[in-house]
Amino acid sequence: MKVLRLAAPILIFLLVWEIISRSGWVSASLFPAPSRVILALWETIRSGELLTDLRASYLRLLLGLIGGSLTGISVGLLTGRIKIVADALTPLIQLFRPLPPVAIIPLVIVWFGIGESAKVFSIAFAVFFPVWLNTHLGAQQIPQRLLWSASTLTKSRLRIFWRVIFPASLPLIVAGLRTGIAIAFVMVFVAELAGASEGIGYEISTSHLAYRIDRMMAALAVLGASGALADYLFARGITYAYPWLRLSQK
Amino acid sequence: MRTMQIAVKNLSVSYGELCVLRGIDLEVFRGEFISLVGTSGSGKTTMVNALARFIPADGEINIPGKVGVVFQDYSVFPWMTVYENIAFGLQNGKRSKIAEIVGQHLKLVGLEDRADRYPAQLSGGQAQRVGIARALAPDPDVILMDEPYGALDRDTRERMQKWLLDVWNEDHKTVVFITHDIEEAIFLSDRVLVLNGGRISGEYNIPFDRPRDEDVKFTTEFIALKKEILDRMRLNS
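Here is what the cut-offs are and how they apply
- Residues numbered from 1 in each chain as written.
- Chains lettered and ligands numbered in written order.
- Predicted model: local features only at pLDDT ≥ 70, side-chain atom pairs only at ≥ 80, totals over all residues.
- Heavy atoms only, no water.
- pLDDT = per-residue confidence, 0-100.
- Helix = DSSP H or I, 4+ residues; strand = E, 2+ residues; numbered from the N terminus.
- Pairing = 2+ DSSP bridges.
- Axes fitted to C-alpha atoms, helices over the stretch in contact; angles between N-to-C directions.
- Contact = heavy atoms within 4.5 Å.
- Buried area = accessible area lost by both parts, 1.4 Å probe.
- Salt bridge = Lys/Arg side-chain N within 4 Å of Asp/Glu carboxyl O.
- Polar contact = N/O pair within 3.5 Å; in protein donor to acceptor, adjacent residues only side chain to side chain.
- Nonpolar A, V, L, I, M, F, W, Y, C, P; charged D, E, K, R; others polar.
- 1 Å grid on protein atoms, 1.4 Å probe; cavity = no way out; pocket = protein on both sides within 12 Å on 5 of 7 lines; lining within 4 Å.
- Points joined across faces, edges and corners; volume = space filled by probe spheres on them.

Remarks on the confidence of the model for chain A
- Across chain A, pLDDT averages 92, with 99% of residues at or above 70.
- Highest mean pLDDT in chain A belongs to helix H3 (residues 49–81) of chain A (96); lowest belongs to helix H11 (residues 243–249) of chain A (83).

As for the sheet that holds strand E3 (residues 33–37) of chain B
Residues and elements named next belong to chain B.
- Reading across the sheet, the six strands line up as E5-E6-E7-E3-E8-E9 and stay open at both edges, with mixed pairing between neighbours. What marks the edges here is a single partner per strand, and that holds for strand E5 (67–70) and strand E9 (199–205). Each strand axis lies, on average, 20 degrees off the axis of its neighbour in the sheet, ignoring direction.
- Docked against the sheet, helix H5 (residues 154–171) engages E3, strand E6 (142–146) and strand E7 (174–179), running at close to 165 degrees with respect to E7.

Some thoughts on the interface of chain A and chain B
- Facing the 20 residues of chain A at the interface are 27 residues of chain B.
- Approximately 2100 Å² of surface area, both sides summed, lies buried where chain A meets chain B, with 70% of it carried by carbon and sulfur atoms.
- Among the residues chain A hides against chain B, the three largest losses belong to Arg145, Trp148 and Leu153 of chain A. Together they make up 34% of the total.
- In this assembly, chain A and chain B are joined by one salt bridge.
- Of the charged contacts, one joins Arg145 of chain A and Asp146 of chain B as a salt bridge, the two residues approaching to 3.1 Å between their closest N and O atoms.
- Seen at the junction of chain A and chain B, the total is three residue pairs in polar contact (both at pLDDT 80 or more).
- Elements that contribute at least two residues to the side of chain A that touches chain B include exactly helix H7 (144–153), helix H8 (157–193) and H11 of chain A.
- A class-by-class count of the residues in the side of chain A that touches chain B yields 11 nonpolar, five polar and four charged.

Observations concerning empty space enclosed by the protein
- Here the structure, examined in full by the defined rule, presents five cavities of 30 Å³ or more.
- One number sums up the size of the largest cavity: a volume of about 80 Å³.
- Contributing to the lining of the largest cavity are Phe33, Ile132, Leu136, Ile143, Met145, Leu164, Val167, Trp168, Asp171, Lys173 and Val175 of chain B.
- Those elements that place two or more of their residues in the lining of the largest cavity are helix H4 (124–136), E6 and H5 of chain B.
- When residues in the lining of the largest cavity are grouped by element, the largest group, four residues, is from H5 of chain B.
- When its residues are assigned to classes, the lining of the largest cavity shows nine nonpolar, no polar and two charged.
- A volume near 60 Å³ is recorded for the second largest cavity.
- Looking at the second largest cavity, the residues that line it are Ile105, Val108, Ile109, Gly113, Ile114, Gly115, Ala118, Lys119, Ser122, Ala191 and Ala194 of chain A.

The following block contains the structure:
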């Protein structure tokens, strides 16, 4: 029943789209029917292009996400808990934060060229800010009594940092990471528009030049589905790794 | 000869212009259970925070040995299981020794079958017992309890009072118990101190023999003492 409830709106949407596209009310080449998009998708799967593109995009995405997240969490915990670090870094971070991450891509290309490092850096840069901000707020808002309790039980600051401050900040870190994942999907697409020879963004870009709207839509559907799947898997993974998070939210 | 466990001289705490504790002198003997009662804003919580050295204070605080603290809220870590909460303060020592101590304390608080549960899966009373077990496990010399039963319903609260007395009877730790409930203070303590306006305004030795049971609360002597302390609190507020 749950699957049906989730699938029903998508199936109805596809059906209406198919009918409109075939009716002749709209240009079939501009709005290809879902059946044509599925055929185009099958074509890219059979030729092996989709797998190559996905592999390239996922690798960039993963490296950028890991780099941006680890830096964001580490810096966020430090700025959230240590005043001198916050005083030193927060004004700098706040200066860069309002920048739209896509705006730095031309600069990144000048610095790193058009290779992989430029794309990974752009994704990591964009992921860093939401992860840092959420971690910073999470670490700042830990109830004082929780820290006092911990300080009566251990004198090890490292132990308090790892076993108390990190998990206490985790609900907001998770929120930051979910935003980071969504932003990473935007950035991988934008980064692949410039100087890529494979990847989902590159596929969309070349299909556009070849006026293959069906292939563009197929690639967009894959990108969208990948984003949704990544978010779902992340949420499931977090619940599995930290079951208390789900219990505390009840 | 009784040994002094807590010696406080001329303790004062101010938050800016606001003076919360004013020159408090306090002596508590080893193994003594004392309660501090007072109305809201009388300085009870500040007293615990100062004794635990969580906040800066003027005057002398001398508490040799380890101090354990139990709070009303946030006393247990929601991301740790019951077992992990109790084991948190036991990082020094062999794993088997830690498991033994945790096992003893799980038994003491009657939560052997809840060791793998998270605090969100426990009732309020059970969660607070975990907080108390966690404070007791590192074998502190003094336990400070800041309204530990404040968030519990009356029935659970009374069961927890009886349970705490049973636990205390096991090893007679020195306890400083903060509450606004006079009945609770008399039932649990050897001595009750009334805190008002940042000063200790009354001190009462509790004459009831231990072990106590709840019937003592209905004796004329208990009720008279409760009234006397209540009058003292009101007189000063």
